[in-house]
Amino acid sequence: MPGSQVLLDRVSRSHGGTQILREVSLQVAPGELVALTGPSGSGKTTLLQLIGSLDRPTTGSIYVDDIPVHSLRRPASFRRDVVGFVFQLHHLLPALTVQENVELTLVAAHVSRRERHARAQELLDEVGLRQRSHALPSDLSGGERQRVAIARALAGRPRLILADEPTGSLDSAASERIWKLLLSVRERHGTTILVASHDPNLREHSDRGLSIIDGQLSEPSLTPTADADRNRHNQEIA
């Protein structure tokens with residue numbers, strides 16, 4: 001299934017008199033991997049929560065594949081059928097095995113036990129952890145737990161993955177492996193991926209890098225040469 005198209009039109013979010021996001025407009029193409037960078041408190045997490053229907057905008061509209069996320073009456077169905085979430089804190093259930101954690105999201109979708117097992121095994125193989133399927137989260141490293149979280153996010157075959165600081169608590173080697181895994185997911189499944197991080201190096205792994213500062217979105221140029229090339233191209237087609 002191809003990835004989702006995401007469209008935000010002048011989205012703002014305020015809470016308790018504080019403006020968190022300020023008229024953010026954004027379009028993400030199906031299968032695109034977009035990096036959202038910015039300091040802590042800049043609004044990155046809020047933006048992902050709005051797109052994933054975990055929160056509602058104060059003003060503006062959000063569409064995912066023409067679904068009006070900003071006005072959904074049953075957001076749980078949208079989250080189950082369209083979106084996969086990956087968080088910095090992986091939120092694996094400590095009493096369940098790796099296999100059971102991956103299968104858990106499929107229970108609410110009424111997937112048969114046999115299909116749940118087969119799909120979890122396939123995904124654990126994809127993230128390189130099939131041999132740890134009977135281990136508990138406490139037996140895994142931080143990077144391994146995050147790979148299980150990615151497998152769990154993929155279990156429902158989402159068209160859109162929202163990853164909030166997925167490598168924030170990992171060392172550089174584990175972080176690099178997570179980025180490569182996300183790129184592999186995009187290549188294999190065509191999934192649209194939005195990743196939020198305070199790490200500016202994230203842009204090196206993405207199709208497009210965006211910055212959020214004080215609730216406002218911008219698309220920084222990588223180099224002065226890139227700026228000049230873009231301006232020249234715009235003049236040629238004007």
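For the structure, check the block above.
These numbers were taken from a predicted model, which means no experiment stands behind them.

**Student:** Help me out: how do you make sense of the sheet that holds strand 8 (residues 192-197) in this one?
**Tutor:** Note on sheets: strands pair through backbone hydrogen bonds, and any given pair is parallel or antiparallel. If you trace the six strands from one edge of the open sheet to the other, you get 6-7-8-3-9-10, paired in mixed fashion. Bordering the open sheet on either side are strand 6 (83-87) and strand 10 (216-218), each of which pairs with just one other strand. With direction set aside, neighbouring strand axes in the sheet form an average angle of 20 degrees. Alignment of strand 3 (residues 33-37) against strand 9 (residues 208-213), held across four bridges, turns out to be parallel. Its bridge partner being in strand 9, Leu-36 is matched across the sheet by Leu-210. Set on the sheet, helix 1 (residues 44-51) makes contact with strand 3, strand 7 (160-164), strand 8 and strand 9; between it and strand 7 the angle comes to about 155 degrees.

**Student:** Looking at this model, I keep getting lost on helix 4 (residues 113-126). Mind explaining?
**Tutor:** The periodicity of an α-helix, 3.6 residues per turn, causes residues three or four places apart in sequence to face the same way. Given a rise of 1.5 Å per residue, 14 residues ought to cover 20 Å, and the 20 Å separating the end C-alpha atoms of helix 4 matches this to within 8%. Turning to helix 4, the residues buried within the fold contact helix 3 (98-107), helix 5 (142-154) and helix 6 (172-189).

**Student:** Help me understand the pattern of salt bridges in this model?
**Tutor:** Side-chain pairs of opposite charge can arise where the charged atoms are in close proximity. Here the structure, examined in full by the defined rule, presents 11 salt bridges. In this structure, the salt-bridge partner of Arg-208 is Glu-32, at a minimum N-O distance of 2.9 Å. With Arg-208 in strand 9 and Glu-32 in the loop between strand 2 (18-28) and strand 3, this pair connects stretches of sequence that are 176 residues apart. Each member of the pair, Arg-208 together with Glu-32, is buried. Through salt bridges with shared partners, a single network forms among Glu-115, Arg-119 and Arg-157.

Calculation notes
- Chains are numbered independently. Their residues run from 1 in the order of the written sequence.
- Residues qualify for local features only when their pLDDT is at least 70, as the model is predicted, and side-chain atom pairs are given and counted only at 80 or more; totals for whole chains, interfaces and linings, by contrast, use all residues.
- The basis for the side-chain values is all heavy atoms of the structure; hydrogens and waters are excluded.
- For two strands to count as paired, DSSP must find a minimum of two bridges between them.
- The way it works is that DSSP assigns letters per residue, a run of H or I at least four long becomes a helix, a run of E at least two long becomes a strand, and they are numbered from the N terminus.
- In this analysis, axes come from line fits to C-alpha atoms, helices being fitted only over the stretch in contact, and the angle between any two N-to-C directions falls in the range 0 to 180 degrees.
- We call two residues contacting when some pair of their heavy atoms lies within 4.5 Å.
- One fewer than the residue count of a helix, multiplied by 1.5 Å, yields its expected span.
- Take a side-chain nitrogen of Lys or Arg and a carboxyl oxygen of Asp or Glu: if they are within 4 Å of each other, that pair is a salt bridge.
- Burial classification: accessible surface area is computed with a 1.4 Å probe over protein chains only, and a residue below 20% of its type maximum counts as buried, one above 50% as exposed, and the rest as partly exposed.

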